[in-house]
Amino acid sequence: MNLEDLTKALGVSGFEDDVRRRILEAVGDAEVDDFGNVIVGDKSGVAFVAHMDEVGLLVTSIEDDGRLKFRKVGGVDDKILPGSRVVLYGEGIRLEGVIGVQPPHFQQQQQTSWQDLYIDIGATSRQEAESMGAAPMMPAAFKREYAEMGRFVSATAIDDRAGCWALIEAYKRGVDATFMWTVQEEVGLMGARALASKSNVRSAIIVDTTACCHPNFTGGVKPGNGPIIRIFDNYGAYNNKLARRVLEIAKKRGIPVQIGAGGGGTDAAAFFVSGIPAVSIGILSKYSHSPVEMAHKDDLKYTVELIAALAEELPRTG
Ligand code: CO
């Protein structure tokens, strides 16, 4: 499974089937729990966790003229919506759409709210839109983009297919640990909350992207210098003792890592409140929550190495 294939899977929060299917193809002996999380391993010892879902949109209603109203799913900036291409999807259905934008010729106001926008699928009536397959409560993901540029990969949903990919790579290299791919992280860590509450793991290492970079939030970290140990974010400080241990192990093994912080939060918070020591490893991602997110190839490689090292060195019991 390469990263490109994973970023091309559609996985708006709550509608992750396409991502889950590809992960299940790549790993054997996986279990899917009642919430849609994917788990490989015996759920004890060290667990590595990445979320399958991505931010996007949900169609809410169809207007008489065939245009679709929608709501946002997760943290999507209104600024990136006008002029975006989206894909509506469901069982056996893929529908292209665009979010229309007022031509500069007619523009009177500068700021646009998502509530004034529509998805246009080329239908001119509600009937036509329905006959094309559009329906309320259908997810719409940003159209898939993938490009390699210099030492970077730019793609839709690098957050957190980069993490999903790193776990699959580690699994395929024979790393002995529990791996968990969660649902609905972007809307409140929902999958991880359900998973953590019934898990016996000794510690959880969350592998997610960290929005890069802002001196007030992230500190002086830089893409290419290794994944960051995310010491603090909007949920707090997670587990400093485990973070120090992760840093020691990385140093001992000569794996580049950086110390930083993040805005927002990660699934680590869900494990923390379930009484499981958790630390968040962040793959720095430029332009987070946009269709052109970028991650550095070296950081991806070091992340897999770090997972392998931590699986060997972190205690499994006690
Ligand atoms: Co994420």
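Residues numbered from 1 in each chain as written. Predicted model: local features only at pLDDT ≥ 70, side-chain atom pairs only at ≥ 80, totals over all residues.

**Q** For this particular structure, what's the right way to read the nonpolar core?
**A** Nonpolar side chains tend to gather and get buried jointly when the protein is soluble and globular. F48, L167, A204, V207, V279 and I307 are the most contacted members of the largest nonpolar core, which has 99 residues in total. Among the elements that make up this core, the one with the highest residue count is helix α4 (residues 158-172) (nine residues). When residues are assigned to domains, this core turns out to be shared by domain 1 (3-54 + 156-313) and domain 2 (57-142), each giving three or more. With near-sequence residues (within four places) excluded, V207 lies in contact with F48, V49, A50, G163, A166, L167, I281, T303 and I307. (Core = buried A, V, L, I, M, F, W, Y, C linked by C-beta atoms within 7 Å. Buried ≥ 20, exposed ≤ 12 C-beta atoms within 10 Å, placed from the backbone. Helix = DSSP H or I, 4+ residues; strand = E, 2+ residues; numbered from the N terminus. Domains from an automatic or database assignment. Contact = placed C-beta atoms within 7 Å.)

**Q** For this particular structure, what's the right way to read the environment of E186?
**A** Position of E186 among the secondary structure elements: in the loop between β12 (178-182) and α5 (190-197). By C-beta crowding, E186 is classed as buried, having 24 other C-beta atoms within 10 Å. Through-space distance from the C-alpha of E186 to that of G56 is 9.6 Å; in sequence the pair is 130 residues apart. Not counting chain neighbours up to four residues away, the residues in contact with E186 comprise S13, D53, E54, V55, G74 and G75.

**Q** Got a minute to help me understand the environment of A47 in this structure?
**A** Structurally, the position occupied by A47 is in strand β3 (residues 46-51). Look at A47 and you get buried, because 27 C-beta atoms sit within 10 Å. As a C-alpha pair, A47 and D176 span 129 residues in sequence and 9.9 Å in three-dimensional space. Once residues lying within four places of it in the same chain are set aside, the contact partners of A47 are A177, T178, M180, V201 and A204.

**Q** How should I be thinking about helix α2 (residues 17-26) in this particular structure?
**A** Every α-helix winds through 3.6 residues per turn, so residues three or four apart in the chain are directed the same way. Turning to α2, its buried residues number three or more, namely V19, R20 and I23. Mapping the buried residues of α2 onto a view down its axis gives an arc of 95°, with all of them on the same face. Facing away from the buried surface of α2 by more than 90 degrees, the exposed residues are R21 and E25. (Arc of directions from axis to C-beta.)

**Q** What am I meant to see in the pairing of strand β7 (residues 93-99) here?
**A** On a regular strand, one side chain projects to one face of the sheet and the next to the other, so that they alternate. Across six bridges, the pairing between strand β6 (residues 85-90) and β7 is antiparallel. Pairing of Y89 across the sheet is with R94, part of β7. Between β6 and β7, which follow one another and run antiparallel, lie two residues, and G92 among them has a positive phi close to 65°. In this sheet, strand β8 (residues 119-120) lies alongside β7 in antiparallel orientation, the contact comprising two bridges. When the sheet's bridge partners are listed, I99 is paired in β8 with I119. (Pairing = 2+ DSSP bridges.)

**Q** Would you mind showing me how to read the domain arrangement of the protein here?
**A** A common way to state how big an interface is: give the accessible area lost once the parts meet. Each assigned domain of the protein is listed with its residue range as follows: domain 1 (3-54 + 156-313) and domain 2 (57-142). For domain 1 versus domain 2, the distance between C-alpha centres works out to 31 Å. Counting residues at the interface gives 11 residues for domain 1 and 12 residues for domain 2. Taken together, the residues that form the side of domain 1 that touches domain 2 break down as five nonpolar, four polar and two charged. (Nonpolar A, V, L, I, M, F, W, Y, C, P; charged D, E, K, R; others polar.)

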